[in-house]
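Coordinate analysis (summary)
So the chains spell out like this:
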Amino acid sequence: MRRRTNTAAGVILLAVYWYFVIQLTGGTPTNFIIIRDFARTINLSLVPFHDIAEVLTTNDVVGSVIQIVGNLVMFVPLGVLVPMFWSGWRSPSRTIGLGLCMSLFIEINQLFTYRATSVDDLILNTLGAAVGWLCFLLAARLFGVDTRAGKRLEKLPIVILFAVWMCCIALELPTFLAY
C-alpha cells in the first residue's frame, strides 16, 4: 500500500511539474500552428556558451540572472523527483541523461514555436538535472534512503512526461481549431 501511495505521489508531482515546464517554455508544436506567421525565421544558437556570454555582457543584471539561473533551476525538480520515486532512475547517468533528453525535446519543440533554441539552454537544463540529482543524493543520505539504482529502468516517468505533453497539446486544440 505504501509503495502505491509513493508512486501516486510521484506521478502527481512529476505531472504537475512537467505541465508548468511546458507552459513556461511553450514546448508544444501546436503553438506553431496557432501563430501561423510562416515568414518568421528560426532563432537557433548552436555555439556553446555564446548566449550565456551575450547575456552576461548586457547591463541588465536581473535579466541575466533570471535567464541563466532560471534555465538551471527549471530542471532541478526533474533531477530530484525521478530518482526519489523510481529506484531505477537513481544512477546519475540515467537521471542526468533524462534531463538532457527532455531539455533537447523542449528545444526541438521550440524550433517550431519561434522561440529561441539554444545549446546553452540545453547545457544549463542538463546541469540543473545534475544539481537536482545531487540534492536527491544529499537528502537520501540525510534521511537514510537507499540510493542504489534498481536494475530495471521504469518507464513510468517517461510515459508521464509525454502524456502531459500530449495533454497540453489537447488543451491547445480549441484555440487551434478556432483559427
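Residues numbered from 1 in each chain as written. Predicted model: local features only at pLDDT ≥ 70, side-chain atom pairs only at ≥ 80, totals over all residues. Heavy atoms only, no water.

A few words on the environment of valine 145. For valine 145, the location among the structural elements is in the loop between helix H7 (119–142) and helix H8 (156–178). On a C-alpha basis, the gap between valine 145 and methionine 84 in space is 9.1 Å, while along the polypeptide they are 61 residues apart. Excluding its chain neighbours within four sequence positions, the residues that come into contact with valine 145 are Arg90 and Ala140. (Helix = DSSP H or I, 4+ residues; strand = E, 2+ residues; numbered from the N terminus. Contact = heavy atoms within 4.5 Å.)

In this section: the packing of aromatic side chains. Taken as a whole and assessed by the stated rule, the structure comprises six aromatic pairs. Taken together, a centroid distance of 5.0 Å and an interplanar angle of 80° make the contact between phenylalanine 105 and phenylalanine 162 edge-to-face. Here phenylalanine 105, found in helix H6 (residues 92–111), pairs with phenylalanine 162, found in helix H8; they are 57 residues apart in sequence, far enough to count as distant. Since its relative accessible area comes to 31%, phenylalanine 162 is described here as partly exposed. Consider the rings of phenylalanine 105 and tryptophan 165, whose centres lie 4.9 Å apart with planes at 75°: the pair is edge-to-face. Within this pair, whereas phenylalanine 105 is found in helix H6, its partner tryptophan 165 is found in helix H8, the two being separated by 60 residues in sequence. Take phenylalanine 105 and tryptophan 165: they sit in the same class, and that class is buried. Among the aromatic residues, those joined into a cluster by ring pairs are Tyr17, Trp18 and Phe75. (Phe/Tyr/Trp six-rings, centres within 6.5 Å; stacked < 30°, edge-to-face > 60°. Buried < 20%, exposed > 50% of the residue type's maximum accessible area, 1.4 Å probe, protein only.)

Now for unusual backbone geometry. We note that phenylalanine 49 has phi near 70°; this positive angle belongs to a residue other than glycine. In this structure, phenylalanine 49 sits in the loop between strand E1 (44–45) and helix H3 (50–56).

Let's shift gears to the layout of surface pockets. The computed volume of the largest pocket comes to approximately 410 Å³. Taken together, 21 residues form the lining of the largest pocket, with Gln67, Asn71, Arg115, Ala116 and Asp121 sitting closest to its centre. Of the residues forming the lining of the largest pocket, the biggest block, six residues, is contributed by helix H4 (residues 61–74). Residue composition of the lining of the largest pocket, grouped by class: nine nonpolar, seven polar and five charged. For the second largest pocket, the calculated volume is near 280 Å³. Forming the boundary of the second largest pocket are Arg2, Arg3, Asn6, Thr7, Met84, Phe85, Trp86, Ser87, Arg90, Arg152, Glu154 and Leu156. When residues of the lining of the second largest pocket are assigned to their parent elements, the largest contribution, four residues, is made by helix H1 (residues 2–25). Considered class by class, the residues forming the lining of the second largest pocket number four nonpolar, three polar and five charged. (1 Å grid on protein atoms, 1.4 Å probe; cavity = no way out; pocket = protein on both sides within 12 Å on 5 of 7 lines; lining within 4 Å. Points joined across faces, edges and corners; volume = space filled by probe spheres on them. Nonpolar A, V, L, I, M, F, W, Y, C, P; charged D, E, K, R; others polar.)

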